[in-house]
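Chains, contacts and geometry: an overview
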Amino acid sequence: MNLACMALVAALVAQAPLSETREQFDKRMAWWREARFGMFIHWGLYAVPAGVWNGEQVPGAGEWIMYTKRIPREEYEPLLTQFNPVKYDPDTWVRLAKEAGMKYIVITSKHHDGFCLWDSKHTEYDVMSTPYGRDLLKPLAEACRRHGVRLCFYHSIMDWHHPDANKDRWQEYVAVMKAQLRELIENYGPLGVLWFDGEWVAEWTPEQGAELYAELRRLQPDLIINNRIGKSRMMPGAGGVGDFDTPEQYIPGTGLPFDWESCMTMNDTWGFKLHDHNWKSTETLIRMLADTASKGGNFLLNVGPTAEGLIPEPSVERLRAMGAWLRRNGEAIYGTGPSPFRSLPWGRCTTKPGKLYLHVFDWPSSGRLTVPGLKTPVARARLLANGVPIPVTAHTSGVDLLLPSAAPDPVNSVIVLELAGRVVVEAVPILQRPSGVVTLRAAEAEILGESARYEKGDGKDNIGFWTSQKDRVQWLFELRRPGRYTVEVVYACEDGSAGSEYEVRVGEATVRGRVGGTGGWAAFRTVTLGAIDLRTPGTMTLEVRPLSKPGNAVMNLQLVRLSPAD
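Right, let's walk through the structure included here. For clarity, every value in this text was computed on a predicted model and none was experimentally measured.

Let us look at the overall build of the protein chain. Of regular secondary structure, the protein chain possesses 10 helices and 28 strands. Its C-alpha atoms give the protein chain principal-axis dimensions of about 80 × 50 × 50 Å. Residues counted as buried form 57% of the 566 residues belonging to the protein chain. Residue pairs in contact within the protein chain that sit at least 24 positions apart in sequence constitute 72% of those at least 6 positions apart. Total accessible area on the protein chain stands at roughly 23100 Å², and carbon and sulfur atoms take up 50% of it. The centroid of the 63 positive side-chain charges in the protein chain is displaced by 6 Å from the centroid of its 66 negative side-chain charges.

Written out as C-alpha cells, the structure reads:
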C-alpha cells in the first residue's frame, strides 16, 4: 500500500458515522423511484473474444470467459492490444437510452476481470494501455449531462487480475479499490448510483461493506448504493447494508418490502457474445417492465456492446420499440406504485394517487374486462394511449369495463381508472363450478417468494422460474359443496430437474407429490395426488409449497384441480 492510499483510508475512516432520517432517505431515493427504467451496460476486454477462445465457443456469460475457461492472467492481458473501440459514440448510446425511455445508465467501470474503462492513476490495466488510449467514461458522463440521463457506475469488488486481490494482501487491494472509487466519484460525478458486485469473495466482510458504504456516502451524500456492497445481499432491516435490493435475471413474484431493482439480459449474456442470438421478444420485455413496476420495482435492462463500441442491432431494435410504447404509455410506468390486487388474470396494475393503470396483456374477446374486488367508485375510465372513454359497470364482485373489440396495442394496452375515493380492493375467491369442480389456474395465483413468476407464451401458461424452495403459490377459492375431493396438478418439468417433493394444503388437509420428468418445460402432464376431506363450506386458501428441490427448478405449474370424489 502506498503512502497516499494509506492516508486516504485513514482520513475517511476517522470521520463520524452517517445518520439519516426516513424523510432524508426518501428524498435521496426520489429520482430513482420516479425513473423505473434504466440501461445496464457490460463492456470491457471480454468483448474482444466475444465468447470464443482459441476457436472454441465458451459456455456461460461473455464477461466470465476468463474464469470459465480458466485463462491465466498472462494469456488474458494481451486482449489490451486488441481493444480498440473506434466506433464508440457515447452520444449515440445516451440518445438510444433516452429514446428507449430509460432514465439512467449503469456502466461497468470495472468488471471481475479487473480492466478499467477510465484513466486511473492507480493501475496501468486500463483503457489508456489499449490502442484506443482515451478515457471511455468521461465522454459518456458529458453525454449523459447533455441529454438529462443519470450516470451510474457498476464496480466489481472481486478482481481476478489485481495481484493484491488475495487473502495475504487483501487490505492493500482494498485501499487501491477505495482510491479508484474516489476517482470515479470526484472526476465523473455527481453520480446517481454506485452498483457493486462480486461481494461474495471470502476476503470481503460485512464490516468492510458497511465501512465502504459510509465512506462513499460521505464523499457524495446523495449517492445511492445497491445492497451488493454488503456481504450477503441483505437489506438494512435484515442486518445488511445498501439502499436497494438487486434480484438478478428474475422479477420477484410479489415484489419486495423495500426498494428493489431487477437487472435483466436481453439474451443469455451480459457481456457481448458473438453466437448468442437467444433474444427476448419486444413483447416479453415490455411486459417485464410493466410487471416490475406493478410490484414496486425498477427494471435495469442490459446491453453488451461489441469491442468496436457498437450496441448490437437486436438490442437497438427492442429498445426503440420499448421507447415507442413508453411514449404512449409512460404515465403508467414512471413514478408509479405497486398494484393493490393479489393477482389479475389478464395483466398487471400500477398506481398513482387517485388512479389505477390497468395493463391488459390478454384483451378479452367478449369485450368485457372484469376488475375483481375493486370497491372504490370509478369516476372515469379511458384508454391511456388515445383518451377513448370506457364505460364502467359496478357490481358486487368488482367492476366491469366495456372495451372496444380490438386491443389498441397487442402487447400491452393501458386503461386508466380515475377513482372517486381511496382505493379499496377486496380479495375475490375463485368460485366452485356447479359440477363441484374447482379449477385454480396459474394466472390467478398469488405467488409468494423471490423467483417464481407467471409466464405465458411458447406453449406455456404456468408458474415458472420456480428456482427457490422458499417460494410458494396460493389461491383463494369458495367451497359451496363440502365433501371429499380428488386433487390433481398439471405441471411440466425437464427430466434433468425432476425429483422435487411438494405439498398441496387446504387448511389442515394435505396431500404430497413428487415431480416426475415430463420431457420438457412445456410438456404438461396431469397427475392425481390423492383425496382430501373438505367438510366445511366457505372461503378457503389452497397452497402449493416445495419440500425439496434437487434440480434447477421445482416445476412449471399450470393448474390445480379439485374434483368431487364422492
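Still to come is the rest of the account.
The next thing to look at is the pattern of salt bridges. Counted according to the given criterion, the structure contains 36 salt bridges. The salt bridge involving R228 is made with E248; its shortest N-O contact spans 3.0 Å. Placement of R228 in the loop between β7 (224-225) and β8 (261-264) and of E248 in the loop between β7 and β8 is noted, with a sequence separation of 20 residues between them. Judged by relative accessible area, R228 falls into the buried class, the value being 0%. Of the charged contacts, one joins R545 and E503 as a salt bridge, the two residues approaching to 3.1 Å between their closest N and O atoms. In this pair, R545 sits in strand β27 (residues 538-546) while E503 sits in strand β24 (residues 501-506), placing the two residues 42 residues apart along the sequence.

This paragraph deals with helix α8 (residues 206-219). An ideal rise of 1.5 Å per residue puts 20 Å on 14 residues; α8 measures up with 20 Å between its terminal C-alpha atoms. Those residues of α8 that sit buried are Q208, G209, L212, Y213, A214, E215, L216 and R217.

Attention now goes to the side chain of S548. Among the secondary structure elements, S548 is positioned in the loop between β27 and β28 (556-564). Looking at S548, its side chain comes within polar contact range of the main-chain nitrogen of E501, at 3.1 Å.

Strand order in the open sheet made by the seven strands is β7-β6-β5-β4-β1-β9-β8, with parallel pairing throughout. Looking at the sheet topology across the chains shown, the edges are occupied by β7 and β8. Bridge count between strand β6 (residues 193-197) and β7: two bridges; the pairing is parallel. Residue pairing for β7: V193 is matched across the bridge by I224. On top of the sheet, helix α7 (residues 170-188) reaches β4 (104-110), β5 (150-156) and β6; it is set at about 170° to β5, its chief contact.

Hydrogen bonds along the backbone pair up the strands of a sheet, which may run parallel or antiparallel. Pairing within the open sheet is antiparallel, and its four strands lie in the order β10-β11-β16-β13. Two strands close off the open sheet at either side, each with one partner strand: β10 (347-352) and β13 (378-383). Across the sheet, the mean angle from the axis of one strand to that of its neighbour is 20°, orientation sign disregarded. In this structure, β10 lies alongside strand β11 (residues 355-360), joined through six bridges in antiparallel fashion. In the strand pairing of β11, T351 is matched with L356. Where helix α9 (residues 282-294) meets the sheet, its contacts fall on β10 and β11, and the angle it forms with β10 comes to roughly 50°.

With that settled, the discussion passes to unusual backbone geometry. Geometrically, the link from G189 to P190 is a cis peptide bond, its omega value of 0° lying close to zero. Within the fold, P190 resides in the loop between α7 and β6. Positioned with a positive phi, N54 is a non-glycine residue whose angle comes to about 55°. At R70, a position not held by glycine, the phi torsion is positive, near 55°. Its relative accessible area of 56% is what places R70 among the exposed residues.

The computed volume of the largest pocket comes to approximately 1400 Å³. Around the largest pocket, the lining is made up of 45 residues, and of these M288, R453, Y454, E455 and F465 lie nearest the centre. Elements represented by at least two residues in the lining of the largest pocket include exactly α9, β10, β19 (446-448) and β20 (453-457). Per-element accounting of the lining of the largest pocket gives the leading share, six residues, to α9. Of the residues belonging to the lining of the largest pocket, the class tally is 17 nonpolar, 13 polar and 15 charged. One number sums up the size of the second largest pocket: a volume of about 590 Å³. Taken together, 24 residues form the lining of the second largest pocket, with P345, P372, V428, I430 and E444 sitting closest to its centre. Breaking the lining of the second largest pocket down by element, the ones donating at least two residues are β12 (368-372), β17 (430-431) and β22 (472-479). The element contributing the most residues to the lining of the second largest pocket is β12, with four residues.

Calculation rules
- Residues numbered from 1 in each chain as written.
- Predicted model: local features only at pLDDT ≥ 70, side-chain atom pairs only at ≥ 80, totals over all residues.
- Heavy atoms only, no water.
- Helix = DSSP H or I, 4+ residues; strand = E, 2+ residues; numbered from the N terminus.
- Buried < 20%, exposed > 50% of the residue type's maximum accessible area, 1.4 Å probe, protein only.
- Contact = heavy atoms within 4.5 Å.
- Areas by Shrake-Rupley, 256 points an atom, 1.4 Å probe, with all protein chains shown as cover.
- Lys, Arg positive; Asp, Glu negative; His and termini not counted.
- Charge placed at Lys NZ, Arg CZ, Asp CG, Glu CD.
- Salt bridge = Lys/Arg side-chain N within 4 Å of Asp/Glu carboxyl O.
- Expected span 1.5 Å × (residues − 1).
- Polar contact = N/O pair within 3.5 Å; in protein donor to acceptor, adjacent residues only side chain to side chain.
- Pairing = 2+ DSSP bridges.
- Axes fitted to C-alpha atoms, helices over the stretch in contact; angles between N-to-C directions.
- 1 Å grid on protein atoms, 1.4 Å probe; cavity = no way out; pocket = protein on both sides within 12 Å on 5 of 7 lines; lining within 4 Å.
- Points joined across faces, edges and corners; volume = space filled by probe spheres on them.
- Nonpolar A, V, L, I, M, F, W, Y, C, P; charged D, E, K, R; others polar.

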